[in-house]
Structures are given as structure tokens and as C-alpha cells.
Amino acid sequence: LEVDFALATAQRAAFDAAFASDISRPLAVEEEAVTVLSLSAGSTAVVFEVAGVADAGRALQEEAELFFDAVAEQVNGGEPVGSRDLASLPPAAAPHDPRLG
């Protein structure tokens, strides 16, 4: 995420609540279903899980693709306008994944 890591950790409860709010909307789940497991410095990588969603990363990627496709169709003649990479990690590997720092 493009979020200052020091600020996110200093205000962890507020960060977690805002993150849960942002993630819950496209997945159509309650904010309480989203749990932030860890934060890592760099580009502020967030490891999280969503209760009731088997592969939240894939579901978010699909939502992002639908969104970007709709935007591209409306404002750019169907050409891609941008995207963000999302990685879906196996639950057991998520908290200790070396790619996250």
C-alpha cells in the first residue's frame, strides 16, 4: 500500500479499522470479517484474512479487474488505464512469507 509504515504502526487500531472498511466493501462482507494479521515495511505490505472468503486476494483481483474494465470502457475506449498487483498467499504461509519482509 502507499501508506507510511511508521504512521500505520503508530496508529495501528485506526489503520486496521480503515483497512477493514476498505476491504469489506468490494467483498460484500462485514468489516468485522476482515482481520489484519501483520504489517511489513517497504511499501506497507498487509497480510490479512477474511472470514467466510476462501481466497480474498483472488476475489479482490476479480473486483479490481471488473472496475478497471468498466473505467477503461467509459473513459479510455476500452484500453487499460491501470492496475495493482494482489498476491494471494496460502493461509499457513501468510504470516511468515519472506516476500513480505
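Check the entry above for the structure.
Residues numbered from 1 in each chain as written. Predicted model: local features only at pLDDT ≥ 70, side-chain atom pairs only at ≥ 80, totals over all residues. Heavy atoms only, no water.

Draft legend 1. Structural context of the overall build of the protein chain. Looking only at helices and strands, the protein chain has 3 helices and 2 strands in total. Starting at the N terminus and walking to the C terminus, you meet the elements of the protein chain as α-α-β-β-α. Residues counted as buried form 27% of the 101 residues belonging to the protein chain. Taking contacts inside the protein chain between residues at least 6 apart in sequence as the whole, the part at least 24 apart equals 43%. (Helix = DSSP H or I, 4+ residues; strand = E, 2+ residues; numbered from the N terminus. Buried < 20%, exposed > 50% of the residue type's maximum accessible area, 1.4 Å probe, protein only. Contact = heavy atoms within 4.5 Å.)

Draft legend 2. Summary view of the side chain of Thr 44. Inspection of the secondary structure assignment puts Thr 44 in the loop between strand S1 (34-40) and strand S2 (45-50). In terms of polar contacts, Thr 44 uses its side chain to reach the backbone carbonyl oxygen of Val 3, at 2.5 Å. Here Phe 5 takes part through its backbone nitrogen, which lies 3.5 Å from a polar atom of the side chain of Thr 44. (Polar contact = N/O pair within 3.5 Å; in protein donor to acceptor, adjacent residues only side chain to side chain.)

Draft legend 3. Representation of the environment of Val 53 in the model. Its place among the elements puts Val 53 in the loop between S2 and helix H3 (56-75). Linking Val 53 and Leu 27, residues 26 residues apart in sequence, is a C-alpha distance of 8.3 Å.

Draft legend 4. Summary view of the nonpolar core. In terms of nonpolar packing, the biggest core is built from 15 residues, with Phe 19, Ile 23 and Val 50 touching the most fellow members. The leading source of residues in this core is helix H2 (residues 12-27), at 5 residues. Those residues within four positions of Ile 23 in sequence are excluded, and the remaining contacts are Val 34, Phe 48, Val 50 and Leu 60. (Core = buried A, V, L, I, M, F, W, Y, C linked by side-chain atoms within 4.5 Å.)

Draft legend 5. Geometry of the environment of Ala 45. Of note, Ala 45 is situated in strand S2. Residue Ala 45 is classed as buried on the basis of its relative accessible area, which comes to 18%.

Draft legend 6. Representation of the pattern of salt bridges within the structure. Per the counting criterion, the structure on display carries 3 salt bridges. Put simply, Arg 12 and Asp 16 hold a salt bridge, and the shortest N to O gap is 2.8 Å. Of this pair, Arg 12 and Asp 16 both sit in helix H2, 4 residues apart, which is roughly one turn of that helix. The partly exposed category is assigned to Asp 16, whose relative accessible area is 21%. (Salt bridge = Lys/Arg side-chain N within 4 Å of Asp/Glu carboxyl O.)

Draft legend 7. Just the pairing of S2, in detail. Note that S1 and S2 share 6 bridges and pair antiparallel. The partner of Val 36 across the bridge, within S2, is Phe 48. Two successive antiparallel strands, S1 and S2, enclose a turn made up of 4 residues, where Gly 42 displays a positive phi of approximately 120 degrees. (Pairing = 2+ DSSP bridges.)

That's the geometry; what it means functionally is another story.
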